[in-house]
Protein chains: 2
Amino acid sequence: MFSGSLIKGTLKTIILKLLYEHGSMYGYEITKQVEESSEGKLKLTLGAIYPTLHKLEKGGLLSSRSVEVDNRLRKYYALTAEGKKAAIKKINEYESFARIMHTIILSNN
Amino acid sequence: MFSGSLIKGTLKTIILKLLYEHGSMYGYEITKQVEESSEGKLKLTLGAIYPTLHKLEKGGLLSSRSVEVDNRLRKYYALTAEGKKAAIKKINEYESFARIMHTIILSNN
DNA sequence: CTCATATACATAATTTTCTTATATATAAAA
DNA sequence: TTTTATATATAAGAAAATTATGTATATGAG
């Protein structure tokens, strides 16, 4: 589980990407999905997820609808048209950044 | 130049890695090196570099010596024995994190 | 000769982003 | 019945960066 700080700056990218692929998800589901696809190595904290979802919605990138399941509320989020553009942009930015980090981290000079 | 936030959490790793490969460097040199190897795409701010170098030194990972060159001070930093261990650890952590991000970001499900 | 740019360090104020703690509530399993 | 899982929300605090500011020398352009 990393020293922690590496997750910083990538949370929005992860959320946007997951919603881009899955169509619509709720907060708790996002943490479970990441935990699963990382084989338990990356655990997103809900205290970070929820404020970020709210912020993205306020910024017009997400829309939400609340659904009652088993007497519990679930708030499903989905990308708006603007959100889809932002998702693609963020993913490209991450790829570009990862390439640079690869150059720095894996070079021997 | 990324939305900015992606650099967060990777600064220490970058510094430790560069010092690991170059033996010893000064703050300004680190920013130039990163700018060059990223083809101008990644610019580390000196307002982040200097406090981080001080912090790493205080933490025992770096040692420093000041050298006067052209009537200007240069503060060269190098890894301590502990710093070398930390560098290797940080690099491994980054690689592990990058692998997970790759799984999440580049998957279609 | 002066002004912008480059070199070189340092720190303070602010902002961004995340962690940890707290709160509420239902349901199932031990 | 108490822990674990599901599900959301927010507040306090810490961590890490950006932006702004300050000092100082050197060089090249105009």
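An unreviewed UniProt entry lists chain A under the name PadR family transcriptional regulator, with Agaribacillus aureus as the source organism.

Draft legend 1. Structural view of the protein's contact with DNA strand D. Close to DNA strand D lie 27 residues, the nearest being Tyr28(A), Arg74(A), Thr45(B), Lys55(B) and Asn71(B). Here a phosphate oxygen of DNA strand D and a side-chain polar atom of His54(A) are 3.0 Å apart. Arg72(B) is positioned such that a nitrogen or oxygen atom in its side chain is 2.9 Å from a sugar or linking oxygen of DNA strand D. Contributions of two or more residues to the surface near DNA strand D are made by α2 (27-37), α3 (46-58) and β3 (72-79) of chain A together with α1 (11-22) and α3 (46-58) of chain B. For the surface near DNA strand D, the class distribution of residues is nine nonpolar, eight polar and ten charged.

Draft legend 2. Spatial organisation of the side chain of Thr31(B). In this fold, Thr31(B) is placed in helix α2 (residues 27-37). Setting aside its immediate chain neighbours within four residues, Thr31(B) contacts Leu44(B), Leu46(B) and Ile49(B).

Draft legend 3. Seen up close, the protein's contact with DNA strand C. Inspection of the region around DNA strand C gives 26 residues, with Thr45(A), Asn71(A), Tyr26(B), Tyr28(B) and Arg74(B) positioned closest. Restricting the count to atoms of DNA strand C within 4 Å of the protein gives a sugar and phosphate share of 77%. One of the backbone nitrogen or oxygen atoms of Gly9(A) is found 3.0 Å away from a phosphate oxygen of DNA strand C. Those elements that place two or more of their residues in the surface near DNA strand C are α1 (11-22) and α3 of chain A together with α2, α3 and β3 (72-79) of chain B. Among the residues making up the surface near DNA strand C, the classes are represented as eight nonpolar, nine polar and nine charged.

Draft legend 4. α3(B), seen in detail. Residues and elements named next belong to chain B. Its 13 residues give α3 an end-to-end C-alpha distance of 18 Å, which sits within 8% of 18 Å, the value for a rise of 1.5 Å per residue. Considered for burial, the residues of α3 that qualify are Ile49, Thr52, Leu53 and Leu56. In an axial view of α3, the angular spread of the buried residues amounts to 105°, which keeps them on one side of the axis. The exposed residues of α3 that point more than 90 degrees off its buried face are Gly47, Lys55 and Lys58. The inward-facing, buried residues of α3 contact α1, α2, β2 (62-69) and β3.

Draft legend 5. Molecular detail of the side chain of Thr10(A). By secondary structure assignment, the location of Thr10(A) is in the segment before α1. Setting aside residues up to four positions removed in sequence, Thr10(A) forms contacts with Tyr94(A), Leu6(B), Phe97(B) and Met101(B).

How each quantity is defined
- Here the residue index of a chain counts from 1 through its sequence in written order.
- To label them, take the chains in the order written and letter them from A, then take the ligands in the order written and number them from 1.
- This being a predicted model, a pLDDT of at least 70 is required before a residue's local features are given, and a value of 80 or more before pairs of side-chain atoms are given or counted; all residues contribute to the totals for chains, interfaces and linings.
- Only heavy atoms go into the side-chain values, all of them from the structure, while hydrogens and water stay out.
- Being near a molecule or strand, for a residue, comes down to having at least one heavy atom within 4 Å of it.
- For the purposes of these results, a polar contact is taken to be a pair of N or O atoms within 3.5 Å, where, inside protein, one atom must be able to donate a hydrogen and its partner to accept one; residues adjacent in sequence count only when each atom of the pair is a side-chain atom.
- Every helix listed is a DSSP run of H or I at least four residues long, and every strand listed is a run of E at least two residues long, numbered separately from the N terminus.
- Note that Gly is not counted as nonpolar here; it falls among the polar residues with everything else outside the nonpolar set of Ala, Val, Leu, Ile, Met, Phe, Trp, Tyr, Cys and Pro and the charged set of Asp, Glu, Lys and Arg.
- Residues are treated as being in contact if the distance between any of their heavy atoms lies within 4.5 Å.
- How far a helix is expected to stretch is found by multiplying one less than its residue total by 1.5 Å.
- Using a 1.4 Å probe on the protein chains alone, a residue whose accessible area is under 20% of its type maximum counts as buried, one over 50% counts as exposed, and one in between counts as partly exposed.
- What the arc measures is the spread of directions leading from the helix axis to the C-beta atoms.

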